[in-house]
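Here's the letter readout for the chains.
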Amino acid sequence: MTDTTLSARDGAVLTLTINRPDALNALNPPTMRALRNGIDAAGRDPEVGAVILTGSGRAFCAGADLKDVSSRLDAADTDVGNDLRANYVPLTRAIRSCPKPVIAALNGTAAGAGLSLALACDLRIAVAGAQLIVAFVRVGLVPDAGSLYFLTRMLGLSKATELAMTGDPLSVEDAQQLGLIAAVVPADQLMPAALERAHRLAGGPRRTYALIKRGLVRALDLDLEQVMELEAQLQTLAARTPDAQEAIRAFIEKRKPVFRA
Amino acid sequence: MPFEFVLTEVRGPVGIVTINRPQVRNALNHQTIGELVEALETFDRDDAVRCMLLTGDDQAFAAGADISQMADAGAVEVLDDDNFARWARFKAIRKPVIAAVSGYALGGGCELALMCDLVVASETALFGQPEVKIGIIPGAGGTQRWTRSAGKVRAMEAVLIGEPVRAVDAERMGLINRVVAAGAQLDEALRLANLIAARPPLAVRLAKEAVNHAMEVGLDAGLDFERKLFYLLFATEDKREGMRAFLEKRPGRFSGR
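A quick note: this is a predicted structure, and the numbers were derived from the prediction, not measured. (Residues numbered from 1 in each chain as written. Chains lettered and ligands numbered in written order. Predicted model: local features only at pLDDT ≥ 70, side-chain atom pairs only at ≥ 80, totals over all residues. Heavy atoms only, no water.)

Peer 1: Explain the overall build of chain A to me, please; I cannot follow it from the model alone.
Peer 2: What chain A contains, in helices and strands, is 11 helices and 10 strands. For 261 residues, the compact-globule formula gives about 18 Å, and the C-alpha radius of gyration of chain A, at 19 Å, lands near that figure. A buried classification covers 47% of the 261 residues belonging to chain A. Once local pairs closer than 6 in sequence are excluded, the contacts in chain A between residues at least 24 apart make up 70%. (Helix = DSSP H or I, 4+ residues; strand = E, 2+ residues; numbered from the N terminus. Rg over C-alpha atoms; globule rule 2.2 N^0.38 Å. Buried < 20%, exposed > 50% of the residue type's maximum accessible area, 1.4 Å probe, protein only. Contact = heavy atoms within 4.5 Å.)

Peer 1: Just checking my understanding: could you explain the overall build of chain B for this structure?
Peer 2: Each helix and strand counted, chain B has 12 helices and 10 strands in total. Taken over the C-alpha trace, chain B has a radius of gyration of 19 Å; the compact-globule value for 257 residues is 18 Å, and the two agree within 12%. With the principal axes as the frame, chain B shows a C-alpha extent of 60 × 40 × 40 Å. Residues counted as buried form 44% of the 257 residues belonging to chain B. As presented, chain B carries roughly 13,300 Å² of accessible surface, and 56% of it is formed by carbon and sulfur atoms. Distance from the positive charge centre (31 side chains) to the negative charge centre (35 side chains) of chain B: 9 Å. (Areas by Shrake-Rupley, 256 points an atom, 1.4 Å probe, with all protein chains shown as cover. Lys, Arg positive; Asp, Glu negative; His and termini not counted. Charge placed at Lys NZ, Arg CZ, Asp CG, Glu CD.)

Peer 1: Which parts of the structure should I look at to understand the nonpolar core?
Peer 2: For soluble globular proteins, the rule of thumb is that nonpolar side chains tend to be buried together. Counting residues in hydrophobic clusters, the biggest one holds 63 residues, and the most contacted among them are Leu106 and Leu132 of chain A. Excluding residues that lie within four positions of it along the chain, leucine 132 of chain A makes contacts with Leu106, Ala110, Leu115, Asp168, Pro169, Leu170, Val172, Ala175, Leu180 and Ile181 of chain A. (Core = buried A, V, L, I, M, F, W, Y, C linked by side-chain atoms within 4.5 Å.)

Peer 1: Would you take a moment to explain the packing of helix α3 (residues 80-97) of chain A against helix α4 (residues 113-120) of chain A for this structure?
Peer 2: The description of two helices packed together rests on the angle between their axes and the distance between the axes. All names here are of chain A. In the contact formed by α3 and α4, the axes pass within 9 Å of each other and the chain directions differ by 20 degrees. Of the possible angle classes, the one that applies to α3 and α4 is roughly parallel. Two packed elements cross with a definite hand, and for α3 against α4 that hand is right-handed. Across from Tyr88, Leu91, Thr92, Ile95 and Arg96 in α3, the residues of α4 making contact are Ala113, Leu117 and Ala120. (Axes fitted to C-alpha atoms, helices over the stretch in contact; angles between N-to-C directions. Parallel < 35°, antiparallel > 145°, perpendicular 65-115°, else oblique. Left-handed = near helix turned anticlockwise from the far one by under 90°.)

Peer 1: Sorry, what's going on with the pattern of salt bridges here?
Peer 2: Two side chains carrying opposite charge are able to pair once their charged atoms lie near each other. Residues and elements named next belong to chain B. For the structure on display, the rule yields 26 salt bridges over all chains. One salt bridge in this structure joins glutamate 216 and lysine 91, with 3.6 Å as the shortest N-O distance. Of this pair, glutamate 216 sits in the loop between α10 (201-214) and α11 (219-233) while lysine 91 sits in helix α4 (residues 84-91); the two residues are 125 residues apart in sequence, bridging distant segments of the chain. A relative accessible area of 55% means that lysine 91 is categorised as exposed. A salt bridge links lysine 208 to aspartate 117, with the shortest nitrogen-to-oxygen separation between them at 2.8 Å. Placement of the pair is lysine 208 in helix α10 and aspartate 117 in the loop between α5 (108-115) and β7 (118-122), with a sequence separation of 91 residues. For aspartate 117, a relative accessible area of 29% translates into the label partly exposed. (Salt bridge = Lys/Arg side-chain N within 4 Å of Asp/Glu carboxyl O.)

Peer 1: For this particular structure, what's the right way to read α3 of chain A?
Peer 2: Think of an α-helix as 3.6 residues a turn; residues three or four steps apart then line up on the same face. All names here are of chain A. Taking 1.5 Å as the rise per residue, α3 with 18 residues should run 26 Å; its terminal C-alpha atoms sit 24 Å apart, in good agreement. Along α3, the largest kink reaches about 35 degrees and is centred on tyrosine 88; proline proline 90 follows within four residues of it. Listed as buried for α3 are Asp83, Leu84, Asn87, Tyr88, Pro90, Leu91, Thr92, Ala94 and Ile95. A distance of 3.2 Å separates the backbone nitrogen of glycine 81 from a side-chain oxygen at the start of α3, and that oxygen is part of aspartate 79. (Expected span 1.5 Å × (residues − 1). Bend = angle between axes of the 7 residues up to and from the residue. Polar contact = N/O pair within 3.5 Å; in protein donor to acceptor, adjacent residues only side chain to side chain.)

Peer 1: Would you take a moment to explain helix α6 (residues 142-150) of chain B for this structure?
Peer 2: Residues and elements named next belong to chain B. Listing the buried residues of α6 in full gives Gly142, Trp146 and Ala150. When α6 is viewed along its axis, its buried side chains cluster within an angular range of 25 degrees and face the same direction. Just beyond α6, the residue with positive phi is glycine 151, at close to 100 degrees. (Arc of directions from axis to C-beta.)

Peer 1: Please clarify how the sheet that holds strand β9 (residues 165-166) of chain B should be interpreted in this entry.
Peer 2: Consider a sheet: its strands pair through backbone hydrogen bonds, and that pairing is either parallel or antiparallel. Residue and element names in this part refer to chain B. Ordered in space as β4-β6-β8-β9, the 4 strands form an open sheet in which the pairing is mixed. The strands lining the two open edges of the sheet, one partner per strand, are β4 (60-63) and β9. The pairing of strand β6 (residues 104-106) with strand β8 (residues 126-128) spans 3 bridges and is parallel. Each bridged residue has a counterpart across the sheet, and for leucine 106 the counterpart in β8 is glycine 128. Contacts from α5 reach β4, β6 and β8, with the element oriented near 95 degrees to β6. (Pairing = 2+ DSSP bridges.)

Peer 1: So what exactly am I meant to see when it comes to the interface of chain B and chain A here?
Peer 2: Size of an interface, as often reported, equals the accessible area lost when the parts are brought together. In this assembly, 10 residues from chain B lie in contact with 9 residues from chain A. Area buried by chain B at its contact with chain A is led by Glu123, Ala181 and Asp187 of chain B, which between them contribute 49% of it. Seen at the junction of chain B and chain A, the total is 3 salt bridges. Two residues, arginine 214 of chain A and glutamate 123 of chain B, come together in a salt bridge whose shortest N-O distance is 3.4 Å. (Buried area = accessible area lost by both parts, 1.4 Å probe.)

Peer 1: How should I be thinking about the domain arrangement of chain A in this particular structure?
Peer 2: Residues and elements named next belong to chain A. With domains assigned, chain A is organised as domain 1 (5-202) and domain 2 (206-252). Its C-alpha centre places domain 1 at a distance of 27 Å from the equivalent point of domain 2. Taken together, the contacts link 18 residues of domain 1 with 7 residues of domain 2. For the interface between domain 1 and domain 2, the tally reads 2 salt bridges. In this structure, the connection of domain 1 to domain 2 is made through 8 residue pairs in polar contact (both at pLDDT 80 or more). The set of elements that each furnish at least two residues to the side of domain 1 that touches domain 2 consists of α3, α5 (147-155) and α8 (190-202). A total of 3 residues in the side of domain 1 that touches domain 2 trace back to one element, the largest contributor, which is α8. For the side of domain 1 that touches domain 2, the residue count by class is 11 nonpolar, 1 polar and 6 charged. (Domains from an automatic or database assignment. Nonpolar A, V, L, I, M, F, W, Y, C, P; charged D, E, K, R; others polar.)

Peer 1: Help me out: how do you make sense of the layout of surface pockets in this one?
Peer 2: With a probe scaled to a water molecule rolled over the atoms, the places where space remains empty come into view. All names here are of chain B. If you add up the space inside the second largest pocket, you get close to 980 Å³. Along the walls of the second largest pocket sit 32 residues, with Met115, Cys116, Asp117, Asn212 and Met215 positioned nearest its centre. Breaking the lining of the second largest pocket down by element, the ones donating at least two residues are α4, α5, β7, α6 and α10. Looking at the lining of the second largest pocket residue by residue, the classes come out as 16 nonpolar, 7 polar and 9 charged. (1 Å grid on protein atoms, 1.4 Å probe; cavity = no way out; pocket = protein on both sides within 12 Å on 5 of 7 lines; lining within 4 Å. Points joined across faces, edges and corners; volume = space filled by probe spheres on them.)

Structure representation (structure tokens):
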């Protein structure tokens, strides 16, 4: 892990903190590589049950580092698409394909690709007063790093269009009304609330979470018949796990299940 | 069947062959191809086995040929060795073979999957022919079978660029039968294998032969061949049993005669 990204373990919960507060945690290639490596490693680490992604300072993440982009445009290195393919896409993919739940703890504003990052997570909680900004259009660019996908599917085409075309900020309070944010908390409650949720998830049936996440990722692109077939496949796998067998036994015996974790 | 690089198992009427070289992502050296073909041939001769299943592990179905075995080889050595004779025996297998693919199916691994009659893939599966990146081209049918399954432009993209396609894309382009949740590929392949195993074996065998014939000949010759096999099945006990069972609304009991 580099100094652009901090990594801290609390029991089975890994917290990754984007640590470029002076740049409002803007994303540059080394930061994205560090995040991706951290998430991939957490996915493989049997000691880790859930991941929290947050930022240091007053912003969660301001998106692409425009100074970086600008210098490259000046150098006529204009293929921003390849930059996305090499850096942003693998990061979004790493979060979506991580078998552990990934919680975004929005300590401040998430803008542009920083919002994409938050939307790629499985759950978002935010400090009161923070904003979500689909900022790309403000600098003449289109939403990227998965934002067009996440916004249309999470909000529907109408609201997604409004946000993407205006670039107007959405308060996390309004975002909670729209279902984008699970909870809005006072600033000093953010990490305790995120950790509380993360620990609860880390203590649950882990293989089942991985199967649920896979199902949710694929369900967005399938029709009802395909989803029901997918569910049958996933359920076959889930029912075979020791955690499911224990939980079913515990239900019948009217006691709390003890998951292997 | 004591093999070094493949495992064999019989589950009911299904013979399972598992490529087992996890330390090299199931790279296909000559011995592995030889063993897996021999295992399939043995199942092919076994009357208790009615369908076969070929699989790898979660990380890789088979991640290509063993490059270390080819790096220093010249044209004459490769010609003399004639590894492809082993692959050719695969084509002569008469019972259906289903590939259950998870992870990498690259190069020879992809060609191996495409030689199977049905392909079930985990959503994690990647199919590709990366040979061009190391100065060669597919040698076990990749250029031919991609073209026949997915069409010319898809085949060109696969073999000219060498980047793999995801299972969902492979399914869409007709390269494979279906995509299932990661970890469910063996269950689904077994489900299909058991359906095939419940069908009359002679009809299954001739149906496979007829479809494969379509790849070889023009339409008229293919139709002619199909009709001959169709007539032939009217001479079987299973045809009589199958039709009687249908009329009596009960499942058929097939003997393979």
